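Secondary and tertiary structure notes
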Amino acid sequence: MIRLASVLPNSIASELPLDPGSWLLSINGKPLRDALDLQFHEAEERLDLEVRTASGDLLAFDIEKDAGESLGAIPEPDKVRRCTNACAFCFVKGNPRASKLRAPLYIKDDDYRLSFMFGHYVTLTNLKEEDWDRIAEQRLTPLYVSVHATDGPTRLEMLRNPRSANINEHLDRLAAAGIQAHAQVVLCSGLNDGPILEQTIDDLYRRGDSIPSLSIVPVGLTAFNDDRGIQTLSAAESQSAIDLIDRARARAQADRGGGWCFAADELFMSQLAGRIRSELSQVPSLSGQRIVLLTGTSMAPMLEDLASELKAATGAETIQVEPVRNTLYGPMVTTAGLLPGSDYRDALQTYGHFDRAIFSRTSLNDKQVFLDDMPLSELQSTFPSVQICP
């Protein structure tokens, strides 16, 4: 059963005597275990809905509606299934222990429901038989799977979970049920790169439509998990990975008419500058303004090279690039998206006069809160000219 948090206005649920705190028990005799069950079963045209009110009364409703129409019942958040792996490169383990971060950053999830609904990557190592049955019955496709390596011993070494070596069996089982899996590889130096990566790409490509895409992401470490035996990629290793990805993309383009295999931006930062130059005409006017561009230390050199072109394209009086050092995760974390609000605040303290300070929206969640739980409004109360880059 699932507990009701609220109902949408002008919905079917709003016409029923349902109050927050009521329990939705079943639909058409099928017990409701979570929000995914509700979403699946409420799609029917005719519903026999059983409810227990907050005061304990049992109610039943016979509902006729259009197929696929939602009841408008909003359940309380489900309990998230946790990860049972012990990956040395786990980013949750790379969070600081004493600092106050946004609470969800400490949730080590591995939940196939979140994979289906929101695109979270899962490892498939914590599935029980009833989970496999449910995935097939409810057609939970596509899922997003962290494969990392199709070589069993290598994946076992990475995830440190006895079931992790069975990845090919698990992918076979998804394919047999008609479930597609978007695959991901977190690439670690000397572990699953080189020949292991080449094997992984080939193995997944041969699976055809059951693997509609493959993403290759270089491992990222922080000051809190850089001592666990995992190494980041060197420039040469990154180039080698790009070469393998390029070959896979060329093959997929010829065979299937699409790229299929995708590299994360961190693997080829140099190519990003060309894309920025090609879109300078779309940057809005900043005529006569003194601009500060705040970014991580990895992107700063590129933006410094582009500053004069940005100035000419926008009409700005000055454009100053400010590389912001990450004091939360340590200097090896260089991307703007992982900078806390306090680091942006401290960086701006050093400036005198400026008309506009711009930073990447990837530093914020959808509630406009930084990693360290600082709301954007707090930063803007001190620096009203701060704005997010579109």
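For the structure, see preceding data.
Residues numbered from 1 in each chain as written. Predicted model: local features only at pLDDT ≥ 70, side-chain atom pairs only at ≥ 80, totals over all residues. Heavy atoms only, no water.

**Remarks on the layout of surface pockets**
If you add up the space inside the largest pocket, you get close to 1,700 Å³. Among the secondary structure elements, those contributing two or more residues to the lining of the largest pocket are β8 (181–187), β9 (214–218) and α7 (235–256). Among the residues making up the lining of the largest pocket, the classes are represented as 26 nonpolar, 17 polar and four charged. (1 Å grid on protein atoms, 1.4 Å probe; cavity = no way out; pocket = protein on both sides within 12 Å on 5 of 7 lines; lining within 4 Å. Points joined across faces, edges and corners; volume = space filled by probe spheres on them. Helix = DSSP H or I, 4+ residues; strand = E, 2+ residues; numbered from the N terminus. Nonpolar A, V, L, I, M, F, W, Y, C, P; charged D, E, K, R; others polar.)

**Observations regarding the packing of helix α6 (residues 194–205) against α7**
α7 packs onto α6 with a crossing angle of 15° between their chain directions and a minimal axis gap of 10 Å. Considering the angle they form, α6 stands roughly parallel to α7. For the crossing formed where α6 meets α7, the hand is right-handed. Residues Gly194, Leu197, Glu198, Ile201, Asp202 and Tyr205 of α6 form the contact with α7, whose own contacting residues are Ala241, Leu244, Arg247, Ala248, Arg251, Ala252, Asp255 and Arg256. Taken together, the residues that form the contact of α6 with α7 break down as seven nonpolar, one polar and six charged. (Axes fitted to C-alpha atoms, helices over the stretch in contact; angles between N-to-C directions. Parallel < 35°, antiparallel > 145°, perpendicular 65-115°, else oblique. Left-handed = near helix turned anticlockwise from the far one by under 90°. Contact = heavy atoms within 4.5 Å.)

**Observations concerning the packing of aromatic side chains**
Under the counting rule described, the total for this entry stands at eight aromatic pairs. Measuring from centroid to centroid gives 6.3 Å for tyrosine 351 and phenylalanine 354, while their planes differ by 85°, and the two rings are edge-to-face. Phenylalanine 354 gets classed as buried once you look at its relative accessible area, which sits at 15%. Lying over the aromatic face of tyrosine 205, arginine 251 brings its terminal NZ or CZ to 4.1 Å of the ring centre. Here the basic side chain of arginine 256 rests over the ring of tryptophan 260, its NZ or CZ set 6.0 Å away from the ring centre. (Phe/Tyr/Trp six-rings, centres within 6.5 Å; stacked < 30°, edge-to-face > 60°. Buried < 20%, exposed > 50% of the residue type's maximum accessible area, 1.4 Å probe, protein only. Lys NZ or Arg CZ within 6 Å of the ring centre and 35° of its normal.)

**Some remarks on the environment of tryptophan 23**
Here tryptophan 23 lies in strand β2 (residues 23–27). For tryptophan 23 and alanine 5, which are 18 residues apart along the polypeptide, the C-alpha to C-alpha distance reads 9.5 Å.

**A look at the sheet that holds strand β13 (residues 356–360)**
Here four strands make up an open sheet; going across it, the order is β12-β11-β13-β14 and the pairing parallel. In this open sheet, the two strands that pair with only one neighbour each are β12 (318–324) and β14 (386–389). Averaged over all pairs of adjacent strands, the angle between strand axes in this sheet comes to 30°, irrespective of strand direction. Relative to β12, helix α9 (residues 300–314) is tilted by about 160°, and along the sheet it contacts β11 (290–296) and β12. (Pairing = 2+ DSSP bridges.)

**Comments concerning the packing of helix α3 (residues 129–137) against helix α5 (residues 167–176)**
Two numbers describe how α3 lies on α5: the axes approach to 9 Å, and their chain directions differ by 35°. The two elements α3 and α5 meet at a crossing, and its hand is right-handed. Contact with α3, carried on its side by Glu129, Trp132 and Ile135, involves His170, Arg173 and Leu174 of α5 and no other residues of that element. Taken together, the residues of the contact of α3 with α5 sort by class into three nonpolar, one polar and two charged.

**Describing helix α4 (residues 152–159)**
Among the residues making up α4, those that are buried are Gly152, Thr154, Arg155, Met158 and Leu159. Take α4 and look down its axis: the buried residues cluster within an arc of 160°, on one side only. When the buried face of α4 is taken as reference, the exposed residues oriented beyond 90 degrees from it are Pro153 and Glu157. Where α4 is buried, its residues touch β7 (143–146), α5, β8 and α6. (Arc of directions from axis to C-beta.)

**Section: the pattern of salt bridges**
For side chains of opposite charge, pairing can occur when their charged atoms come near one another. In this structure the tally under the stated criterion is 16 salt bridges. We note a salt bridge from aspartate 37 to arginine 33, for which the minimum N-O separation is 2.7 Å. Arginine 33 gets classed as partly exposed once you look at its relative accessible area, which sits at 47%. Two residues, arginine 134 and aspartate 34, come together in a salt bridge whose shortest N-O distance is 2.6 Å. Here aspartate 34 lies in the loop between β3 (30–31) and α1 (35–41) and arginine 134 lies in helix α3, a separation of 100 residues in the sequence. Here the salt bridges do not stand alone but share partners, grouping Arg33, Asp34, Asp37, Asp111, Arg113 and Arg134 into one network. (Salt bridge = Lys/Arg side-chain N within 4 Å of Asp/Glu carboxyl O.)

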